[in-house]
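Geometric and topological summary
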Amino acid sequence: MYNINSILLVTILFIAILLFYELGFRIGKYKQEGTDKVIKEQTTAIQAGILGLLALLLGFTFNMSLQRFDNRSQAEIKEANAIGTTMLRTKLLPEPFNTNAAHLMEQYIDLRLLISDVDLTRTEKRREYNRKTDKIQDELWQLASNAADIDSRTVITGYFITSINDMFDARGERNAKLESHVPEAILVLLFIVFMLSGAIIGYSSGLSLKRAYVPTVLMTFLIVLVVFISIDLDRPKRGIIKVKQDSMLELKEIMDNK
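Residues numbered from 1 in each chain as written. Predicted model: local features only at pLDDT ≥ 70, side-chain atom pairs only at ≥ 80, totals over all residues. Heavy atoms only, no water.

Some thoughts on the environment of Ile136
With respect to the helices and strands, the residue Ile136 is situated in helix 4 (residues 123–150). Under the relative-accessibility criterion, Ile136 is labelled buried at 5%. (Helix = DSSP H or I, 4+ residues; strand = E, 2+ residues; numbered from the N terminus. Buried < 20%, exposed > 50% of the residue type's maximum accessible area, 1.4 Å probe, protein only.)

With respect to helix 3 (residues 97–116)
Look at helix 3: 28 Å from first C-alpha to last across 20 residues, which is about the 28 Å you get at 1.5 Å a residue. Here helix 3 has its buried residues at Phe97, Asn98, Ala101, Leu104, Met105, Tyr108, Ile109, Leu111, Arg112, Leu113, Ile115 and Ser116. (Expected span 1.5 Å × (residues − 1).)

Brief notes about the environment of Gln245
Its place among the elements puts Gln245 in the loop between helix 7 (213–233) and helix 8 (246–256). Placed 235 residues apart in sequence, Gln245 and Val10 show a C-alpha to C-alpha distance of 28 Å. Not counting residues within four places of it along the chain, the set of residues in contact with Gln245 comprises Glu76, Leu113, Ser116, Arg174 and Lys237. (Contact = heavy atoms within 4.5 Å.)

Some points on helix 7
Here helix 7 is 21 residues long and its end C-alpha atoms lie 30 Å apart, about the 30 Å a rise of 1.5 Å per residue gives. Taken together, the buried positions of helix 7 are occupied by Thr216, Thr220, Ile223, Val224, Val227, Phe228, Ser230, Ile231, Asp232 and Leu233. In this structure, the buried side of helix 7 is in contact with helix 1 (6–31), helix 2 (37–89) and helix 6 (184–208).

Focus on the side chain of Asp119
Along the chain, Asp119 falls in the loop between helix 3 and helix 4. The residues touching Asp119, leaving out its near neighbours within four places in the chain, are Arg126, Lys237 and Arg238.

Quick notes on the nonpolar core
Ranked by internal contacts, the top residues of the largest apolar core, which has 29 residues, are Ile83, Ile109, Leu140, Phe160 and Met167. Of all elements in the fold, only helix 2, helix 3, helix 4, helix 5 (154–178) and helix 8 reach the threshold of two or more residues within this core. In terms of residue count, helix 3 provides more of this core than any other element does, 9 residues in total. Ignoring any residue separated from it by four or fewer positions in sequence, one finds Leu140 in contact with Ala101, Leu104, Met105, Phe160, Ile164, Met167 and Phe168. (Core = buried A, V, L, I, M, F, W, Y, C linked by side-chain atoms within 4.5 Å.)

Everything listed here is a matter of geometry and, on its own, says nothing about what the molecule does.
Below, the structure is given as structure tokens:
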């Protein structure tokens, strides 16, 4: 489901809910003659219960999506801070290690910015950028090891080694949070409840022989709008709502102005 366009997904959901509403209305209209007042009251009570379940699931899903979006935003800031610290600590290294480290850090930031614009569904492109990033990480680690072997000030070179360790960890944490999505089973359950809700509302309308079509369409539209926002929050590299790269762009600007 993650690979399906979010607008297409909610459009299908919108149409499906209305179709189930119409189906439920026709069944209710067919059953109306043999249905007494007690059954109609029970149907109304069941309808209220299903709508309550719908609201609960919708709120739960939206909260999960929002929490994951916030986690990704925090991970971006954390990684940018780790990179910024490493940039500062390159100055602790002796020549020519500090110059080489600064050059590698420029390439590292460029790659992290490039991959931040690549959709998670473009796996080959992301693998290519990740391979290049891994290569720079290896070069930075080798550089730090060589600097530690040559420079007798182990505490100073140790600061740099600690900072690149933190930077590597921040990248891994950010990648993990990018891959963390709302479980597909929850979305499937949500969609099933939506369609059954449309059916029970239509059935209740059929029993009363009164079609509340405009309010139903409006309610359905509002539901799919919330679903769209929930799905969009869960897709950090595409859609309307994206994780901002302000912290990383600020680092890039600092490097360019040096």
